[in-house]
Amino acid sequence: MTAPPTDKETPAPPPSQVLLSDAKGSTRRGDKIFSGLSKGSGITLLLIMAAIAAFLAYRASIALADNEGNFLTTFEWDANSIPPKFGIAVLAFGTVVSSVVAMVIAVPIAVGIALFITHYAPRRLAAPIAYVIDLLAAVPSIVYGLWGALFLVPHLVGTYEWLDRYLGWTVVLSFDGTAPRSLMTAGILLAVMILPIITNVSREVFAQTPRLQEEAALALGATRWEVIRMTVLPFGRSGVISASMLGLGRALGETMAVATVLSPSALLSAEILQAGGGTFAQNIAASFGESGQFGRDALIASGLVLFVITLVVNGAARLIIARRKEYSGANA
Amino acid sequence: MAKRIDISGLTAYYGDFKAIEDISMAVEPRSVTAFIGPSGCGKSTFLRTINRMHEVIPGARVEGKVMLDDENLYGTGVDPVSVRRVVGMVFQRPNPFPTMSVYENVAAGLKLNGRYKKSELDDVVEKSLRGANLWNEVKDRLNRPGSGLSGGQQQRLCIARAIAVEPQVLLMDEPCSALDPISTLAIEDLIGDLKTRFTIVIVTHNMQQAARVSDRTAFFNLSAVGEPGRLIELDDTDKIFSNPSVQATEDYVSGRFG
Ligand SMILES: Nc1ncnc2c1ncn2[C@@H]1O[C@H](COP(=O)(O)OP(=O)(O)O)[C@@H](O)[C@H]1O
Ligand SMILES: [Mg+2]
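Thresholds, definitions, all that
- Residues numbered from 1 in each chain as written.
- Chains lettered and ligands numbered in written order.
- Predicted model: local features only at pLDDT ≥ 70, side-chain atom pairs only at ≥ 80, totals over all residues.
- Heavy atoms only, no water.
- Helix = DSSP H or I, 4+ residues; strand = E, 2+ residues; numbered from the N terminus.
- Rg over C-alpha atoms; globule rule 2.2 N^0.38 Å.
- Buried < 20%, exposed > 50% of the residue type's maximum accessible area, 1.4 Å probe, protein only.
- Areas by Shrake-Rupley, 256 points an atom, 1.4 Å probe, with all protein chains shown as cover.
- Salt bridge = Lys/Arg side-chain N within 4 Å of Asp/Glu carboxyl O.
- Axes fitted to C-alpha atoms, helices over the stretch in contact; angles between N-to-C directions.
- Left-handed = near helix turned anticlockwise from the far one by under 90°.
- Nonpolar A, V, L, I, M, F, W, Y, C, P; charged D, E, K, R; others polar.
- Contact = heavy atoms within 4.5 Å.
- Buried area = accessible area lost by both parts, 1.4 Å probe.
- Polar contact = N/O pair within 3.5 Å; in protein donor to acceptor, adjacent residues only side chain to side chain.
- 1 Å grid on protein atoms, 1.4 Å probe; cavity = no way out; pocket = protein on both sides within 12 Å on 5 of 7 lines; lining within 4 Å.
- Points joined across faces, edges and corners; volume = space filled by probe spheres on them.
- Phe/Tyr/Trp six-rings, centres within 6.5 Å; stacked < 30°, edge-to-face > 60°.
- Lys NZ or Arg CZ within 6 Å of the ring centre and 35° of its normal.

Brief notes about the overall build of chain B
Phase 1 of the analysis: Check the secondary structure of chain B and you find 10 helices and 10 strands.
Phase 2 of the analysis: Rg of the C-alpha trace for chain B: 18 Å, near the compact-globule value of 18 Å for 258 residues, within the 12% margin.
Phase 3 of the analysis: Dimensions along the principal axes, computed over C-alpha positions, put chain B at roughly 55 × 45 × 30 Å.
Phase 4 of the analysis: Out of the 258 residues belonging to chain B, those deemed buried represent 55%.
Phase 5 of the analysis: Counting only carbon and sulfur atoms, one obtains 47% of the accessible surface of chain B, whose full area is about 10,800 Å².

Focus on the pattern of salt bridges
Phase 1 of the analysis: A complete count under the given rule lists 22 salt bridges over all chains for this structure.
Phase 2 of the analysis: Note that Arg4(B) is salt-bridged to Glu28(B), the shortest N-O span being 2.5 Å. Residue Arg4(B) is found in the segment before strand S1 (5-14), and its partner Glu28(B) is found in the loop between strand S2 (17-27) and strand S3 (32-36); the two are separated by 24 residues along the sequence.
Phase 3 of the analysis: A residue is classified by how much of its surface remains accessible, and Arg4(B), at 28% relative accessible area, is partly exposed.
Phase 4 of the analysis: Here Glu28(B) falls in the partly exposed class, since its relative accessible area comes to 42%.
Phase 5 of the analysis: Of the charged contacts in the structure, one is a salt bridge between Asp235(B) and Lys239(B), with a shortest N-O distance of 3.3 Å.
Phase 6 of the analysis: On the accessibility criterion, Lys239(B) (31% relative accessible area) is partly exposed.
Phase 7 of the analysis: Connected through shared salt-bridge partners, Arg211(A), Glu214(A), Glu215(A) and Arg48(B) make up one network.

Observations concerning the environment of Thr310(A)
Residue and element names in this part refer to chain A.
Phase 1 of the analysis: With respect to the helices, strands and loops of the structure, Thr310 is situated in helix H10 (residues 293-323).
Phase 2 of the analysis: Residue Thr310 is classed as partly exposed on the basis of its relative accessible area of 22%.
Phase 3 of the analysis: A sequence separation of 81 residues divides Thr310 from Arg229, and the C-alpha atoms of the two residues are 30 Å apart.

Section: the packing of helix H2 (residues 89-120) of chain A against helix H5 (residues 183-207) of chain A
Residue and element names in this part refer to chain A.
Phase 1 of the analysis: It is the contact of H2 with H5, at a shortest axis distance of 6 Å, that shows an interaxial angle of 35°. Crossing of H2 against H5: the hand is right-handed.
Phase 2 of the analysis: Across the contact of H2 with H5, the residue classes tally to 26 nonpolar, 7 polar and 1 charged.

Here we look at the interface of chain A and chain B
Phase 1 of the analysis: On the chain B side, the residues contacting the 25 residues of chain A number 29 residues.
Phase 2 of the analysis: Approximately 2,200 Å² of surface area, both sides summed, lies buried where chain A meets chain B, with 61% of it carried by carbon and sulfur atoms.
Phase 3 of the analysis: Between Arg85(B) and Glu226(A) there is a salt bridge, with the nearest N and O atoms lying 3.3 Å from each other.
Phase 4 of the analysis: Linking chain A to chain B there are 4 residue pairs in polar contact (both at pLDDT 80 or more).
Phase 5 of the analysis: Put simply, the parts of the chain that give the side of chain A that touches chain B at least two residues each are helix H6 (211-219) and helix H7 (224-253) of chain A.

What about the side chain of Asn105(B)?
Phase 1 of the analysis: Here Asn105(B) is to be found in helix H3 (residues 102-113).
Phase 2 of the analysis: Every residue in contact with Asn105(B), bar those within four places of it in the chain, is listed here: Pro96(B), Phe97(B), Met100(B), Gly146(B), Leu157(B) and Arg161(B).

Structural notes on the layout of surface pockets
Phase 1 of the analysis: Approximately 780 Å³ is the volume found for the largest pocket.
Phase 2 of the analysis: What lines the largest pocket is a set of 26 residues, and nearest its centre among them are Thr118(A), His119(A), Arg211(A), Arg224(A) and Val56(B).
Phase 3 of the analysis: Elements supplying a minimum of two residues to the lining of the largest pocket: H2, helix H3 (123-137), H5, H6 and H7 of chain A together with helix H2 (80-86) of chain B.
Phase 4 of the analysis: Looking at the lining of the largest pocket element by element, the count peaks at 4 residues for H2(A).

Observations regarding the packing of aromatic side chains
Phase 1 of the analysis: In this structure the tally under the stated criterion is 10 aromatic pairs over all chains.
Phase 2 of the analysis: Judged by centre distance (5.0 Å) and plane angle (50°), the rings of Trp77(A) and Phe86(A) are tilted.
Phase 3 of the analysis: Here Trp77(A) falls in the buried class, since its relative accessible area comes to 15%.
Phase 4 of the analysis: Using a relative accessible area of 0% as the deciding quantity, one classes Phe86(A) as buried.
Phase 5 of the analysis: Through pairs of rings, three or more aromatic residues link up here, namely Phe71(A), Trp77(A), Phe86(A) and Phe294(A).
Phase 6 of the analysis: Positioned above the aromatic ring of Phe288(A), the side-chain terminus of Arg296(A) is 4.3 Å from the ring centre.
Phase 7 of the analysis: The positively charged end of Arg61(B) is found above the aromatic ring belonging to Tyr13(B), 4.1 Å away from the centroid.

What follows is the structure in structure tokens.
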């Protein structure tokens with residue numbers, strides 16, 4: 001998170017340059033070149049994106065036109081059979097469930113670690129912890145996937161059996177003891193994967209809480225936790241939301257790791273500890289290789305839905321952040 | 001609600017750097033004591049030892065005693081958090097909580113101390129805002145953000161927040177240095193009112209202000225940069241400004257140095 005460049009850094013003309021018009025002329029020319037360049041690259045970027053979107057929408061429409069099933073409500077994904085029958089019901093459900101599980105687990109833990117690093121840990125400890133978490137963010141997702149399949153899946157059986165014993169009656173948390181290559185496991189793995197990014201961004205935001213605010217709370221007789229509640233959390237609120245959105249974006253779109261731990265099925269089941277289900281990204285990874293042209297077009301259609309979901313989620317986050325802007329720390 | 005402060009042999013460090021050395025003084029209840037002296041001589045540091053805010057800076061520590069009536073604030077087993085609940089503080093720059101409304105800012109300290117009924121909170125908020133001469137200006141916008149007020153109003157809001165918890169002592173570190181002359185005058189008037197209820201210690205770089213608001217004045221100085229600051233002289237304000245007993249004080253208040 002580097003500070004945005006400001007125009008304040010424009011060097012003043014040296015005092016020897018007495019001709020005002022001269023100095024002005026040269027900065028104007030620089031301004032013009034720069035604004036032309038930035039305008040040009042902005043427009044180019046928009047054009048490229050529009051072209052990609054148009055291409056994907058066109059391919060998707062080909063597939064949708066010949067779909068025997070209902071694209072929104074059909075469970076199975078048989079895009080390569082004749083006639084093709086495919087729908088996103090299971091994928092949408094699985095994507096949402098695994099991401100929600102990931103967020104529910106990762107956000108509180110990440111915020112806790114970030115607060116520990118910025119406000120509780122002694123300095124000697126804080127820096128190494130932050131460094132290790134930075135490193136975790138750089139681990140490739142296939143490595144997480146392998147760890148999930150080889151370690152997490154077998155080791156979660158006990159936990160799930162325990163959950164089943166006490167909460168099995170809820171159906172959602174019932175479990176029959178078979179290898180849990182399930183949405184819940186995928187969600188837990190995703191939580192581990194998005195933890196570093198949420199922690200790091202939150203840590204940076206928390207560390208920027210104005211000292212003056214924290215001292216105001218301390219001087220009122222606030223304990224360390226009360227200082228955090230009164231100043232650090234409100235100040236960091238929008239930053240934590242942004243950080244969570246970054247994490248959610250990664251969870252929604254995570255491909256290899258989920259594909260490695262999940263046993264896909266065309267079942268839409270509320271028993272999320274049980275093997276089965278699927279996500280958009282996992283389905284694309286699993287089906288792409290064996291798909292023909294038509295099957296790939298169908299996958300593109302599902303990818304566009306994922307894109308729309310991501311857009312909606314980001315928009316909602318922006319709304320939440322904007323809602324309380326006048327109370328934000330920005331005008332302190 | 002006001003107590004006598006009795007400080008003896010107080011020395012404060014930032015890491016290895018000794019910022020103030022061996023300061024002893026007494027402050028009578030319901031009086032205003034002003035701290036003056038060249039900048040960097042340790043006025044803020046000394047002030048912050050009185051509510052144990054000094055030690056929140058990493059590496060900072062304090063030696064000596066600060067007695068509030070007959071309790072040593074640095075005694076073993078004394079919780080700094082509870083010290084700060086009886087010794088309130090107003091800072092150099094107004095620092096209302098930006099995420100809280102005017103009302104919530106004033107009620108913030110009370111909410112830390114326990115559960116209050118809404119009607120009780122309402123009463124305390126009104127009383128404190130009246131006490132800070134701010135009520136008439138904000139009574140129609142109690143639910144607006146505190147950071148939307150002018151600088152002078154924000155500083156009075158901070159005073160209201162500090163007095164809402166009925167402290168024994170009120171510390172102010174150059175409370176007017178970021179304010180315009182009219183807001184400064186409003187705060188000086190307010191200090192005159194507040195001293196009937198609280199023991200007040202105020203740091204100021206403005207000698208006219210010290211002369212206007214305080215009963216007693218303490219002059220601090222340091223022999224050289226890098227040396228610790230010391231208390232040079234503490235006396236009635238009139239005496240300090242007319243006929244101080246130490247030459248350095250005379251030089252400082254007459255503007256010959258500093
Ligand atoms: N947070 C700090 N860390 C290290 N040194 C400090 C800190 N704050 C103040 N000092 C030093 O302590 C001395 C006294 O400072 P201060 O109490 O702020 O003086 P004053 O308020 O009289 O201007 C100065 O030399 C200053 O540089
Ligand atoms: Mg100071």
